[in-house]
Amino acid sequence: MTGPLQRHARRGGGAWQAHLPYDATISPNLRRWVTGDAGSLTARLVSASSRFRVTRLAQRLAMPYADEWQALGLPAPAPVLTREVMLVCDDETAIYAHTVVMARHARRDWPFLRGLGERPLGGRLFVDPRVSRTPFEFARLRPDHPMRVAMRRVLPDLARTPMLPARRSVFHRGGGAMLVTEVFLPDLQSRPAPVRRP
């Protein structure tokens, strides 16, 4: 079995890697957003905008993408609790976030998910001392990556954008695992990234 850094999507994506590869289309400011502070991305977005909100697109049982189920620790593809949201700064969508949780552990280890609604996930994860997080993996998602395909229904104008940088990590609480993927959208090319915390 291949390791997590060598896994590929079934279609439309390069490998997830420990470092974000150089790409001339990624501005230095956007790279700071993607690779910077490992703390709450929500807190960074709030500090960089006058108005911040979360728009929940879906929360349901669904099959994970081909590059997700192994990262989540599943022995084979199986339905997972899936949450999709957009993080919006000053009425501009800045982040598309896709979260998957092993269904059998959702109620026990992530009980707040059911009533989270349009509140940010980070507001719960980063205040719970029982939660740990793995290092980030990074990828550049092309238009035919299944996550990009899913995004088209709500962000059709991005369909022709050649590449969008993304990062993901796995959160653990009790026996449960939660894979959170964040896709960084063009608004963050120029929205000033907060200075990295010491």
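Definitions and limits used
Residues numbered from 1 in each chain as written. Predicted model: local features only at pLDDT ≥ 70, side-chain atom pairs only at ≥ 80, totals over all residues. Heavy atoms only, no water. UniProt positions renumbered as here; feature names shortened; annotations may be inferred. 1 Å grid on protein atoms, 1.4 Å probe; cavity = no way out; pocket = protein on both sides within 12 Å on 5 of 7 lines; lining within 4 Å. Helix = DSSP H or I, 4+ residues; strand = E, 2+ residues; numbered from the N terminus. Buried < 20%, exposed > 50% of the residue type's maximum accessible area, 1.4 Å probe, protein only. Contact = heavy atoms within 4.5 Å. Salt bridge = Lys/Arg side-chain N within 4 Å of Asp/Glu carboxyl O. Phe/Tyr/Trp six-rings, centres within 6.5 Å; stacked < 30°, edge-to-face > 60°. pLDDT = per-residue confidence, 0-100. Points joined across faces, edges and corners; volume = space filled by probe spheres on them.

A. Focus on the UniProt feature "binding site: substrate" (unreviewed entry) in the protein. If you check UniProt for "binding site: substrate" (unreviewed entry), the listed places come out as Arg83, Leu121 and Glu182 in our numbering. The greatest C-alpha distance among the residues just named is 12.0 Å, despite their covering 100 residues of sequence, which places them together in space. As for the lining of the largest cavity, the annotated residues named previously contribute Arg83, Leu121 and Glu182. Mapped onto the fold, Leu121 is located in the loop between helix H3 (103-109) and helix H4 (122-125). Of the residues examined, Leu121 reaches a relative accessible area of 12% and is grouped as buried. Look past the residues within four positions of Leu121 in its chain and what remains in contact with it is Thr99, Phe112, Leu113, Leu116, Met178 and Val180. Tracing the backbone shows Glu182 in strand E7 (residues 176-184). The class for Glu182 is buried, based on a relative accessible area of 10%.

B. Focus on the pattern of salt bridges. This model, assessed by the stated rule, comprises eleven salt bridges. Here Arg140 makes a salt bridge to Asp23, at a shortest N to O gap of 3.4 Å. Of this pair, Arg140 sits in strand E5 (residues 137-141) while Asp23 sits in the segment before helix H1 (28-35), placing them 117 residues apart in sequence. Owing to a relative accessible area of 30%, Arg140 belongs among the partly exposed residues under this scheme. Since its relative accessible area comes to 15%, Asp23 is described here as buried. Among the ionic pairs, Asp128 bridges to Arg173, the shortest N-O distance being 2.7 Å. Here Asp128, found in the loop between H4 and strand E4 (132-133), pairs with Arg173, found in strand E6 (residues 164-173); they are 45 residues apart in sequence, far enough to count as distant. By the burial criterion, Asp128 is buried, and Arg173 matches it. Each of the salt bridges in this network shares a partner with another, and the network as a whole consists of Arg51, Arg53 and Asp91.

C. Structural detail: the packing of aromatic side chains. Counting across every chain of the model gives three aromatic pairs. Between Trp110 and Phe112 the ring centres are 6.4 Å apart and the planes differ by 90 degrees, which places this aromatic pair in the edge-to-face class. Judged by relative accessible area, which is 1%, Trp110 ranks as buried. The class of Phe112 is buried, set by a relative accessible area of 10%. When the centroid spacing of 6.0 Å and the interplanar angle of 90 degrees are considered together, the rings of Phe126 and Phe171 count as edge-to-face. Of this pair, Phe126 sits in the loop between H4 and E4 while Phe171 is found in strand E6, placing the two residues 45 residues apart along the sequence.

D. Geometry of the confidence of the model for the protein. Averaged over every residue, the pLDDT of the protein is 87; the share at 70 or more is 91%. Low pLDDT, under 50, characterises residues 1-13; the stretch is placed with 36 contacts to residues that sit more than four places away or in other chains.

E. Seen up close, empty space enclosed by the protein. Inspection of every chain in the model, using the stated rule, returns two cavities of 30 Å³ or more. Here the largest cavity is characterised by a volume of approximately 220 Å³. Thr42, Leu121, Gly122, Val180 and Glu182 are, among the 20 residues lining the largest cavity, the residues nearest its centre. Those elements that place two or more of their residues in the lining of the largest cavity are helix H2 (41-47), strand E2 (80-89), strand E3 (92-102), H4 and E7. Among the elements that take part in the lining of the largest cavity, E2 stands out by supplying four residues, more than any other.

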